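# Examination of the molecular architecture
Each chain, written out:
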Amino acid sequence: MSTEQQHDADAYGQELARISHHQSEATAARFTVFQALAAVGIGHEQADEIVSKVEAGAVAGAHTWISESSAPNGSEERFEAG
């Protein structure tokens, strides 16, 4: 394996580790929210609806942030590359 391929493999492994870490944290946070909602008497179906809306809002917000941070259509490559 060449040095460049090894670097790519290392970067890919690091990215997978970051994704796995974030997924684990998200699962733990989701569980905590369900516990808190159950503690105040909110049923599972209503809690699932609430959590789903919060998650959808987070995705929409991230998409908006990415869209606003991207280079405008028709931009020069230098602009798109940063």
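Computed from a predicted structure; not experimentally measured.

Time to look at the overall build of the protein chain. Within the protein chain, the secondary structure is distributed over three helices and zero strands. When the elements of the protein chain are put in sequence order from the N terminus, they spell out α-α-α. Across the 82 residues of the protein chain, 5% fall into the buried class. With an accessible surface of roughly 7,000 Å², the protein chain has 58% of that area assigned to carbon and sulfur atoms.

Moving on, we get to the layout of surface pockets. Taken as a whole, the largest pocket encloses approximately 160 Å³ of empty space. Along its surface, the largest pocket is lined by Ala26, Ala29, Arg30, Val33, Val51, Val54, Glu55 and Ala58. For the lining of the largest pocket, the secondary structure elements donating two or more residues are α1 (3-39) and α2 (44-69). Of the residues assigned to the lining of the largest pocket, the class counts are six nonpolar, no polar and two charged.

Let us look at the pattern of salt bridges. Per the stated rule, a full pass over the model turns up four salt bridges. Taking the shortest distance from any N to any O, the salt bridge between arginine 30 and glutamate 55 comes out at 2.8 Å. One end of the pair, arginine 30, is in helix α1; the other, glutamate 55, is in helix α2, and 25 residues separate them in sequence. A network of salt bridges, in which partner residues are shared, links Arg30, Asp48 and Glu55.

Moving on: a nonpolar patch on the surface. A contiguous nonpolar patch, built from Tyr12, Leu16 and Ile19 and spanning about 300 Å² of accessible area, is present on the exposed surface. Mapped onto the elements of the fold, tyrosine 12 is located in helix α1.

As a further point, take the confidence of the model for the protein chain. Scored by pLDDT, the protein chain comes out at a mean of 84, with 79% of its residues at no less than 70. Per-element confidence in the protein chain is highest for α2, whose mean pLDDT is 90, and lowest for helix α3 (residues 77-80), whose mean pLDDT is 57.

Here is what the cut-offs are and how they apply
- Residues numbered from 1 in each chain as written.
- Predicted model: local features only at pLDDT ≥ 70, side-chain atom pairs only at ≥ 80, totals over all residues.
- Heavy atoms only, no water.
- Helix = DSSP H or I, 4+ residues; strand = E, 2+ residues; numbered from the N terminus.
- Buried < 20%, exposed > 50% of the residue type's maximum accessible area, 1.4 Å probe, protein only.
- Areas by Shrake-Rupley, 256 points an atom, 1.4 Å probe, with all protein chains shown as cover.
- 1 Å grid on protein atoms, 1.4 Å probe; cavity = no way out; pocket = protein on both sides within 12 Å on 5 of 7 lines; lining within 4 Å.
- Points joined across faces, edges and corners; volume = space filled by probe spheres on them.
- Nonpolar A, V, L, I, M, F, W, Y, C, P; charged D, E, K, R; others polar.
- Salt bridge = Lys/Arg side-chain N within 4 Å of Asp/Glu carboxyl O.
- Patch = residues over 30% accessible without salt bridge, like charges linked within 9 Å, V, L, I, M, F, W, Y side chains within 5 Å.
- pLDDT = per-residue confidence, 0-100.

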